[in-house]
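Results of the structural survey
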Amino acid sequence: MRGTAQPTICLFILSVAVLISPLACKRGHGQVAAASVNPTPETKLVAPTPIAVKKAELGSDNNWNPQWDQAVETAIPPEMLSTQVPRDVRRFCPRFYQMGETDKRAFWAYFFQALAGAEAGLNPRSNVRHTEPETAVVDDVTHQMVHSEGLLQLTYEDHQRYGCDFNWEADRHLLPHDPRRTILNPENNLKCGINILSNQIINQHKLIFSHTSYWSTLQPGTVGFRVFVKQMTNPPVPCGLRQPAAAHRSPGGKPAEIASSPVTQPK
């Protein structure tokens with residue numbers, strides 16, 4: 001019995017191994033494929049906006065953090081790198097449609113830095129209550145008068161409208177300028193801004209600079225728009241925007257081409 005049982009057991013083990021092996025390989029292949037579905041995009045350093053240069057000269061501790069550029073670049077959806085982007089992008093980036101995706105991401109990072117400069121002076125803890133009739137309304141989430149907050153001057157209502165990562169229930173117990181508030185978190189605020197702009201230009205097929213834009217700083221003819229335009233003087237060199245040589249300098253005096261050189265992928 002032992003002599004016949006042993007080969008039988010061996011055959012059984014081999015059969016199980018044959019069945020399991022393809023499954024294991026398939027599972028391993030699936031894990032590798034899943035890991036490569038959304039690889040972290042390559043990013044570039046972005047030159048500073050004029051307000052960032054000035055604040056650096058003044059030694060301000062409340063200035064743009066280059067890590068926020070990477071947060072924007074990695075959060076930009078594919079549609080904002082495509083020909084779906086409206087033609088008025090060429091006002092500040094004439095070669096947008098000819099650029100590679102990495103350069104397009106760098107452009108958007110500079111764009112949102114400029115927008116944050118015009119909206120909040122690059123102050124991530126900005127909290128403003130406006131008195132204009134069109135903005136002096138009650139926030140449906142907080143049930144208080146609307147406050148515009150953070151780098152891009154957003155509201156808690158944007159959590160519902162644009163799927164932003166703001167948590168009023170957690171924030172209501174913190175002071176208005178407490179950096180722990182989710183709406184004041186720079187990455188949360190910037191990613192929300194990307195959602196808002198993407199909705200405007202991709203979903204609604206509107207121009208970037210529209211009279212119905214979420215931000216008055218993107219509405220032509222307003223005071224805020226003129227402030228924004230002044231910040232858009234040094235977009236990435238591949239954009240092909242012609243500017244005086246002095247405009248292509250970083251705070252350290254290096255040309256913007258150097259400031260826009262490739263860097264390692266963010267963690």
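Attention here is on the structure that accompanies the text. All residue numbers refer to position in the chain's written sequence, counted from 1. Thresholds applied to this predicted model are a pLDDT of at least 70 for local features of residues and 80 or more for the giving and counting of side-chain atom pairs; totals over whole chains, interfaces and linings are not thresholded and use all residues. Water and hydrogen atoms were dropped before computing side-chain values, which therefore reflect all heavy atoms in the structure.

This part covers the overall build of the protein chain. What the protein chain contains, in helices and strands, is nine helices and two strands. Note on conventions: DSSP H or I runs of at least 4 residues are helices, E runs of at least 2 residues are strands, and numbering of each starts at the N terminus. Moving toward the C terminus, one meets the helices and strands of the protein chain in the order α-α-α-α-β-β-α-α-α-α-α. Relative to its full complement of 267 residues, the protein chain shows a buried share of 43%. Contacts are assigned to residue pairs that have any heavy atoms within 4.5 Å of one another. Counting contacts in the protein chain only where the partners sit at least 6 residues apart, residues at least 24 apart contribute 63% of the total. As displayed, the protein chain offers around 14900 Å² of accessible surface, 56% of which is attributable to carbon and sulfur atoms. Exposed residues in this analysis have more than 50% of their type's maximum accessible area, buried residues have under 20%, and partly exposed residues fall in between, with area computed by a 1.4 Å probe over protein chains only. Accessible surface area values rest on a Shrake-Rupley calculation with a 1.4 Å probe, where residue burial reflects the displayed protein chains alone.

The interhelical angle for the contact between helix α3 (residues 66–75) and helix α7 (residues 186–203), taken along N-to-C directions, is 35°, at an axis separation of 10 Å. Along this stretch, α3 crosses α7, giving a crossing that reads as right-handed. Across from Trp 68, Ala 71, Val 72 and Ala 75 in α3, the residues of α7 making contact are Pro 186, Glu 187, Leu 190, Lys 191 and Ile 194. Here an axis means a line fitted to C-alpha atoms, over the contact stretch when the element is a helix, while the angle between two N-to-C directions is reported on a 0 to 180 degree scale. Left-handed describes a crossing in which the near helix is turned anticlockwise from the far one by less than a right angle; the clockwise case is right-handed.

Turning to the packing of aromatic side chains, a few remarks are in order. Any two rings among Phe, Tyr and Trp, with Trp reduced to its six-membered ring, count as a pair given centres within 6.5 Å; such a pair is stacked if its planes are under 30 degrees apart, edge-to-face if over 60, and tilted if neither. Counted by the stated rule, this structure contains 18 aromatic pairs. Taking the centre distance of 5.9 Å and the plane angle of 50° together, the rings of Phe 209 and Phe 228 count as tilted. A residue pair is termed long-range when its members are at least 10 positions apart, and Phe 209 in the loop between α7 and α8 (223–231) and Phe 228 in helix α8 qualify at 19 residues. Taking relative accessible area as the criterion, Phe 209 reaches 10% and is therefore assigned buried. Relative accessible area serves as the criterion here: at 0%, Phe 228 is assigned to the buried category. Taken together, the aromatic side chains of Phe 92, Phe 96, Tyr 97, Phe 107, Trp 108, Phe 111, Phe 112, Phe 209, Phe 225 and Phe 228 make up a single cluster linked through ring pairs. Our definition puts a charge over a ring when NZ of Lys or CZ of Arg is within 6 Å of the ring centre and also within 35 degrees of the ring normal. The positively charged end of Lys 104 is found above the aromatic ring belonging to Phe 96, 5.1 Å away from the centroid.

Our next topic: the packing of α3 against helix α4 (residues 101–120). Closest axis-to-axis distance for the α3/α4 pair is 8 Å, and the angle between their directions is 125°. With respect to their mutual orientation, α3 and α4 come out oblique. For the element pair α3 and α4, the recorded crossing hand is right-handed. Where α3 abuts α4, its residues Asp 69, Val 72, Glu 73 and Thr 74 lie against Thr 102, Arg 105, Ala 106, Trp 108, Ala 109, Phe 112 and Gln 113. Residues of the contact of α3 with α4, tallied by class, amount to five nonpolar, three polar and three charged. Working definition: roughly parallel below 35 degrees, roughly antiparallel above 145 degrees, roughly perpendicular at 65 to 115 degrees, and oblique for all remaining angles. Note that Gly is not counted as nonpolar here; it falls among the polar residues with everything else outside the nonpolar set of Ala, Val, Leu, Ile, Met, Phe, Trp, Tyr, Cys and Pro and the charged set of Asp, Glu, Lys and Arg.

As a further point, take the nonpolar core. Remark: nonpolar core denotes a set of buried residues (Ala, Val, Leu, Ile, Met, Phe, Trp, Tyr, Cys) joined through side-chain atoms within 4.5 Å. If you look at the biggest cluster of nonpolar residues, it comprises 52 residues, and the most contacted ones within it are Phe 107, Trp 108, Phe 111, Phe 112, Leu 197 and Phe 228. Secondary structure elements with two or more residues in this core: α2 (50–57), α3, α4, α7 and α8. No other element matches α4, which puts eleven residues into this core. In contact with Phe 111, not counting residues within four places along its chain, are Leu 197, Ile 208, Phe 209, Leu 218, Phe 228 and Met 232.

The next point concerns the environment of Asp 61. With respect to the element layout, Asp 61 can be found in the loop between α2 and α3. Taking relative accessible area as the criterion, Asp 61 reaches 84% and is therefore assigned exposed. Residues Asp 61 and Asn 123 lie 62 residues apart in sequence; the distance between their C-alpha atoms is 9.8 Å.

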